Amino acid sequence: AMLIFAIMHIRFIVLYILPSILYYVCTTSPIVIQMLANFFLDKGRKLEEFTIIGGPFGECAEIVFPKTAACAIVENKQAAPYVRICVPEISLLWHPFTVATTPHDKDSKLKILFRRYGYFTTTLINRLKEQKRPLPIILVDGYYFGPDWVTAALHHDEVLIVAGG
């Protein structure tokens, strides 16, 4: 019965549904285009090594990539950079991860540490543990930097620092 009324009032339904569909396409298409461009142009980053640390409830992982010359230059710009990672066989979404290396590290590697938390990281750790299949293609986009809170705080006469833990 509802389908019959939808067909009878198709002009009005299109007016209500079209903006939502248009918004979805406009917000999703840049992400898909970026993922496809990274996949076909870069072929993803070569995962050099990975390490799984911990037990069944508190597993952490370290993934290591080679660092390009551009990464080494940008890394000196500001502290606490992060990269976005996409693993197409797990999810088409990009997930932010903090870079665990510094410009002072002796080896020129891009290291990322993460804990099993949520669907993406749980699936990624399980996928890395699979010995029979080749390592997954991992797309890396970045370096990105958050706001520099220290410099912003120095522009004020008084600063309140709150810590929790």
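Residues numbered from 1 in each chain as written. Predicted model: local features only at pLDDT ≥ 70, side-chain atom pairs only at ≥ 80, totals over all residues. Heavy atoms only, no water.

Draft legend 1. The arrangement of the overall build of the chain in detail. Helix and strand content of the chain: 5 helices and 6 strands. Over its C-alpha atoms, taken along the principal directions, the chain stretches across nearly 70 × 60 × 35 Å. For the chain, buried positions account for 24% of its 165 residues. Expressed as a percentage of contacts within the chain between residues at least 6 apart in sequence, the contacts between residues at least 24 apart total 64%. Entry remark: accessible area of the chain is about 12,000 Å², with carbon and sulfur atoms responsible for 66%. Placing the 16 positive and 14 negative side-chain charges of the chain at their respective mean positions leaves the two points 10 Å apart. (Helix = DSSP H or I, 4+ residues; strand = E, 2+ residues; numbered from the N terminus. Buried < 20%, exposed > 50% of the residue type's maximum accessible area, 1.4 Å probe, protein only. Contact = heavy atoms within 4.5 Å. Areas by Shrake-Rupley, 256 points an atom, 1.4 Å probe, with all protein chains shown as cover. Lys, Arg positive; Asp, Glu negative; His and termini not counted. Charge placed at Lys NZ, Arg CZ, Asp CG, Glu CD.)

Draft legend 2. Spotlight on the nonpolar core. Judged by nonpolar contacts, the single largest core of 21 residues is most densely connected at Ile63, Phe65, Ile85, Ile112 and Phe114. Listing elements by their share of this core, those giving two or more residues are strand 2 (60–66), strand 3 (81–86), strand 5 (109–115), helix 4 (118–129) and strand 6 (139–145). Top contributing element to this core by residue count: helix 4, with 4 residues. Among residues more than four places away in sequence, those in contact with phenylalanine 114 are Cys60, Ala61, Ile63, Phe97, Thr121, Leu124 and Ile125. (Core = buried A, V, L, I, M, F, W, Y, C linked by side-chain atoms within 4.5 Å.)

Draft legend 3. View of the pattern of salt bridges. Enumeration according to the criterion identifies 7 salt bridges in this entry. In this structure, arginine 116 and glutamate 59 form a salt bridge, with 2.2 Å as the shortest nitrogen-oxygen distance. Linking arginine 116 in the loop between strand 5 and helix 4 with glutamate 59 in the loop between strand 1 (49–53) and strand 2, this pair joins segments that are 57 residues apart in sequence. For glutamate 59, a relative accessible area of 6% puts it in the buried group. Salt-bridge contacts for arginine 133 lead to glutamate 130; the nearest nitrogen and oxygen are separated by 3.0 Å. Overall, glutamate 130 belongs to the partly exposed group, its relative accessible area being 33%. Each of Glu89, Arg127, Glu130 and Arg133 takes part in one network of salt bridges that share partners. (Salt bridge = Lys/Arg side-chain N within 4 Å of Asp/Glu carboxyl O.)

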